[in-house]
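Summary of the model geometry
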Amino acid sequence: MKINVTSAAGVLALLEESEPSIKLFSLKKLNTLVNVFWPEISESIDKIEVLYEDKSFGYCELAALVASKVYYHLGSYEDSLTFALGAGSLFDVNDTGEYVETIIAKCIDHYIKLRVENCETDEQYHTAIDHRLESVVDRMFDRCFADKQFTQAIGIAIETRRLDKLEKAIVEADDTAQMLSYCLKVCMSLIPSRTFRNTILQMLVRLYLGLQTPDYISVCQCYIFLDDAQSCADVLEQLVKSGDQDSVLMAYQIGFDLYDSATQKFIQKVQASIRACAPIPLGTGGSGAKTDAPIVTSSPVPGETVPEPVSTDEESVEQPSLTDKDKAIQASLEKLDTILNGEHSINLHLQFLIKNNKTDMLILKNTKDAVRNSICHSATVIANAYMHCGTTSDQFLRDNLEWLAKSTNWAKFTATASLGVVHKGHESDSLNLMAQYLPRDSTGGSPYSEGGGLYALGLIHANHGANITDYLLNQLKDATDEQNRHGGCLALGLAAMGTARSDVYEQLKSNLYLDDAVAGEAAGIAMGLVMLGTKSAGAIEDMVTYAKESQHEKILRGLAVGIALTMYGREEEADPLIDSLQRDKDPILRWSAMYTIAMAYAGTGNNQAIRRLLHVAVSDVNDDVRRTAVTSLGFLLFRNPEQCPSVVSLLSESYNSHVRYGAAMALGIACAGTAHKEAMLLLEPLINDPVNYVRQAALIASAALVLIQHTEHTSSKVSLLLW
């Protein structure tokens, strides 16, 4: 006959007995009753704790387990965790009950907190981690491995900074290659610490190379993130010199990937290594050699002195005889060099864009006919540039030369620069294309047109300017008016983007120190472009120091952007600079801090950075700083556009018009090209905002960004903007 227990009082009374076996019986019984009678047992919790602390009592682990369960039901999770650790092996991590799952979660959270703090501080400040806590986490890993929950193990290993368990989870998985791919994806999208991410990438490289068939494409992708150009070049050299046709084709594919995703500086380092390892080093007069010298066009710019061609009679140069294998390697390396130069990619892109140019010229014609002021005139010119970007089709401009000639001063600068967008990527013939607009020795040309021509060259060669940088550098040295200096600085910044070339930087700095507002603004931006993502302490000191000294607001604004660009992608490494700028009394330097957050954490969705921007958006006394803080949210969230509407929804209804402007731009930047319905629902009221510049931002965000490349067939919201 089964008897229902209605009270734990009798069992608790047994704890007063002196016989250990009776106390053991009482604890075992309490362990089964605790989930029902925990309120009654909690009144005697001190007796259970005394048994746990009594070293002469042989069953203190059981007492700890009972105490842990009581504290769990009381909601005191920290005390519950402490006693659960004291329970040792009696705390069964394989149990799927609510109590065990909750305590394990608390245990892992506490362990993660301690591990992260230890990893991010100096060794002398490390906090000792309880070996019992580590034991529970290790048992949790063992449970994951036994259940073949390898993705879960990878997640816990990354959170707890346990590289040993991370490697074990990848190696022991049934499909190691798939686990490596999953880990790389998680590493690049979810790990907030740049330092720790680089450590994982180094481990992934080793594991990728250890596969039966090494994944060289993923290896080189990791090297790009690690900024290790030499190791990437070594992989390419190994593939080419292996003699296997598939390996050579793999090297070519990696070359195309590098051109598309690596920085200009990274590619140049790889090229230098590839050229040096050829049987006949490339660029030294050997067959098919390529050099970094500027391209000399068949029709030079008027006034330019073309040097006499140097005789390169190959028969007069004694070349070493090559074996058939060396000849094949030489040919493969030459092809790889042309791929890294971008020749093949550029030609393919141009052919595609030219063949698939579906621009509706009637839209431009109707817009032009409706134009009644200079602002709309410039807007139409810019619209034409965007519509024909990279297609090399300047038919609209040729058909409307008389209308185009109405532009004056900076409008003429913009109109000329727009040709750079139209011919974007057409690098091999850029000097010929822009010859009539470039500065000449003879006087008579419009400085606005010449400055715009230089800027157009920079746009054509943006991030791929090895062949034009020296030409632009010389033009900037010779420039005598602010328009040419302005265009030359912008062009040089674009062409030498991310190269950190000291001669280019010094020339830009000398233009900055002229203290000319127009040229100084461009120089400040260009200095940031040249030092893009380098975290150069010298460059930052130069720019911050001059920003505090200059009286020109234009120069301050240019430097503010340049400072932010220098910290691009540096994440937590930019925090000291951000703190310093944010405390400055000058509002322009404070909004430079906001842009620095945007650039340093671009695309990461970092929660701490988002909280920081939101705090400034509602607390700073300057409207420009608040607007910039809200706008910067878009840069942080562009890889997760669905999150942006919920983050800025309340800000879009702010009483402050500058904050509403920033909310509109944040939505446009984060949700560009997505036609996101929630984003459009937030933008629609802003299109009818009573403040004109808020309406402007809403239209830019909706028409030019969120709905870009969408039609009425792909998004019903397009019809709202057609009035």
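Residues numbered from 1 in each chain as written. Predicted model: local features only at pLDDT ≥ 70, side-chain atom pairs only at ≥ 80, totals over all residues. Heavy atoms only, no water.

**Section: the overall build of the protein**
Let me state the cut-off plainly: Think of it this way: any DSSP run of H or I at least four residues long counts as a helix, any run of E at least two long counts as a strand, and we number them from the N terminus. Think of it in three bands: residues with accessible area under 20% of the maximum for their type are buried, residues over 50% are exposed, and the middle band is partly exposed, with areas taken using a 1.4 Å probe on protein chains only. The criterion used for residue contact is that any of the two residues' heavy atoms lie within 4.5 Å. Computed with the Shrake-Rupley method and a 1.4 Å probe, the accessible areas treat only the protein chains shown as cover for residues. Charge counting treats Lys and Arg as positive and Asp and Glu as negative, with His and both chain ends excluded. Each charge is placed at NZ for Lys, CZ for Arg, CG for Asp and CD for Glu.
Helix and strand content of the protein: 38 helices and zero strands. Expressed along its principal axes, the backbone C-alpha trace of the protein runs to roughly 110 × 75 × 55 Å. Scored against the burial criterion, the 723 residues of the protein give a buried share of 49%. Looking at the protein alone, contacts between residues at least 24 apart form 67% of all its contacts between residues at least 6 apart. When the accessible area of the protein is evaluated, it comes to approximately 35,300 Å², of which 52% is carbon and sulfur surface. One way to put it: in the protein the 61 positive side-chain charges average out to a point 4 Å from where the 91 negative ones average out.

**A closer look at the confidence of the model for the protein**
Rules: The score called pLDDT rates the predictor's confidence residue by residue, from a low of 0 to a high of 100.
With 93% of its residues at a pLDDT of 70 or more, the protein shows a mean pLDDT of 85. Predicted confidence is poor over residues 284-318, with pLDDT under 50, and the contacts of this stretch with residues over four places away or in other chains come to 47 contacts.

**As for the side chain of Thr-416**
In plain terms, the rule: Any pair of N or O atoms that falls within 3.5 Å is considered a polar contact. Within protein, one atom must be able to donate a hydrogen and the other to accept it, and sequence-neighbouring residues count only if both atoms are side-chain atoms.
Positionally, Thr-416 belongs in helix α22 (residues 409-422). The class for Thr-416 is buried, based on a relative accessible area of 6%. Engagement of the side chain of Thr-416 in a polar contact is seen with the backbone oxygen of Lys-412, the distance being 2.9 Å. The residues contacting Thr-416, other than those within four sequence positions of it, are Met-434, Tyr-437, Ser-449, Gly-452, Gly-453 and Ala-456.

**Considerations on the packing of aromatic side chains**
How we decide: Under the pairing criterion, centres of Phe, Tyr and Trp rings, with the six-membered ring standing for Trp, must be within 6.5 Å; the plane angle then separates stacked pairs below 30 degrees from edge-to-face pairs above 60, leaving the rest tilted.
Following the criterion strictly, the structure yields 15 aromatic pairs and no others. Pairing Trp-591 with Tyr-595 gives two aromatic rings, centres 5.3 Å apart and planes at 90°, and the pair type is edge-to-face. With a gap of four residues between them, Trp-591 and Tyr-595 both fall in helix α32 (residues 587-600), about one helical turn apart. Given a relative accessible area of 6%, Trp-591 falls into the buried group. Seen in terms of ring centroids, Tyr-661 and Tyr-693 are 6.2 Å apart; in terms of plane orientation they differ by 55°. Their pairing is tilted. Taken together, the positions of Tyr-661 in helix α36 (residues 657-670) and Tyr-693 in helix α38 (residues 692-706) put the pair 32 residues apart, joining distant regions of the chain. Judged by its relative accessible area of 19%, Tyr-661 is buried.

**A look at the nonpolar core**
Going by this rule: Here, nonpolar core refers to any group of buried Ala, Val, Leu, Ile, Met, Phe, Trp, Tyr and Cys residues whose side-chain atoms link them within 4.5 Å.
Grouped together as the largest cluster of nonpolar side chains are 108 residues, with contacts concentrated most on Leu-472, Leu-508 and Leu-636. Per-element accounting of this core gives the leading share, nine residues, to α32. Excluding residues that lie within four positions of it along the chain, Leu-636 makes contacts with Ile-597, Ala-598, Tyr-601, Gly-603, Thr-604, Gly-605, Asn-606, Ala-609, Ile-610 and Leu-613. Counting 107 residues, the second largest nonpolar core, distinct from the first, contains Leu-24, Val-100, Leu-166 and Phe-266.

**As for the packing of helix α8 (residues 150-159) against helix α10 (residues 176-190)**
In a packed pair of helices, the relevant descriptors are the angle between the two axes and the axis-to-axis distance. Counted only if it meets this: Axis geometry follows a simple rule: fit a line to the C-alpha atoms, using only the stretch in contact for helices, then measure angles between N-to-C directions, giving values from 0 to 180 degrees. For any helix crossing, the convention is left-handed if the near helix is rotated counterclockwise from the far helix by under a right angle, and right-handed if that rotation is clockwise. Under the convention adopted here, Pro, Cys and the residues Ala, Val, Leu, Ile, Met, Phe, Trp and Tyr are nonpolar, Asp, Glu, Lys and Arg are charged, and Gly plus all remaining residues are polar.
One way to put it is that α8 packs onto α10 with a least axis distance of 11 Å and a crossing angle of 35°. With respect to the hand of their crossing, α8 and α10 are arranged in right-handed fashion. Residues Phe-150, Thr-151, Ile-154 and Ile-158 of α8 form the contact with α10, whose own contacting residues are Met-179, Tyr-182, Cys-183 and Val-186. Residues of the contact of α8 with α10, tallied by class, amount to seven nonpolar, one polar and no charged.

**A short note on the side chain of Arg-275**
Note on placement: Arg-275 falls in helix α15 (residues 264-277). A polar atom in the side chain of Arg-275 sits 3.1 Å from the side chain of Asp-337.

**Concerning the environment of Cys-644**
Mapped onto the elements, Cys-644 comes out in helix α35 (residues 644-648). As for Cys-644 and Asn-94, which are separated by 550 residues in sequence, their C-alpha atoms are 39 Å apart. Discounting chain neighbours no more than four positions away, the residues touching Cys-644 are Leu-637, Ala-666, Leu-667, Ala-670 and Cys-671.

**Overview of the packing of helix α13 (residues 229-241) against helix α16 (residues 324-341)**
Under the convention used in this document: In this scheme, roughly parallel covers angles under 35 degrees and roughly antiparallel covers those over 145, while 65 to 115 is roughly perpendicular and the rest are oblique.
For the pair α13 and α16, the least separation of the axes is 9 Å and the interaxial angle reads 140°. With respect to α16, the axis of α13 lies oblique. Once α13 is placed against α16, the crossing between them reads as right-handed. For the pair formed by α13 and α16, the contact residues are Leu-236, Val-240 and Lys-241 on the first element and Lys-325, Ile-329, Ser-332, Leu-333 and Leu-336 on the second. Of the residues assigned to the contact of α13 with α16, the class counts are five nonpolar, one polar and two charged.

**Some remarks on α10**
Filter applied, for reference: By definition here, a helix of n residues has an expected span of 1.5 Å times n minus one. The arc refers to the directions leading from the helix axis to the C-beta atoms.
Look at α10: 20 Å from first C-alpha to last across 15 residues, which is about the 21 Å you get at 1.5 Å a residue. Within the sequence span of α10, burial applies to Met-179, Leu-180, Cys-183, Leu-184, Val-186 and Cys-187. Angular distribution of buried residues about the axis of α10 spans 165°; they occupy a single face of the element. Lining the buried residues of α10 we find α8, α9 (163-172), α11 (194-209) and α12 (216-226).

**As for the pattern of salt bridges**
Operational definition: Salt bridge criterion: a side-chain nitrogen from Lys or Arg within 4 Å of a carboxyl oxygen from Asp or Glu.
Evaluation of the coordinates by the stated rule reveals 28 salt bridges. Among the salt bridges present, the one from Arg-206 reaches Glu-167, with a minimum N-O distance of 3.0 Å. Here Arg-206, found in helix α11, pairs with Glu-167, found in helix α9; they are 39 residues apart in sequence, far enough to count as distant. Residue classification places Glu-167 among the partly exposed residues on the basis of a relative accessible area of 24%.

**Things to note about unusual backbone geometry**
One non-glycine residue with positive phi stands out, namely Arg-161, at about 60°. With respect to the element layout, Arg-161 can be found in the loop between α8 and α9. Of note, the phi angle at Glu-571 is positive, near 50°, even though the residue is not glycine. As for its position among the elements, Glu-571 is in the loop between α30 (553-566) and α31 (575-582).

**Considerations on the environment of Lys-113**
Topologically, Lys-113 is positioned in helix α6 (residues 98-119). Distance in space between the C-alpha atoms of Lys-113 and Glu-159 is 9.1 Å, their sequence separation being 46 residues.

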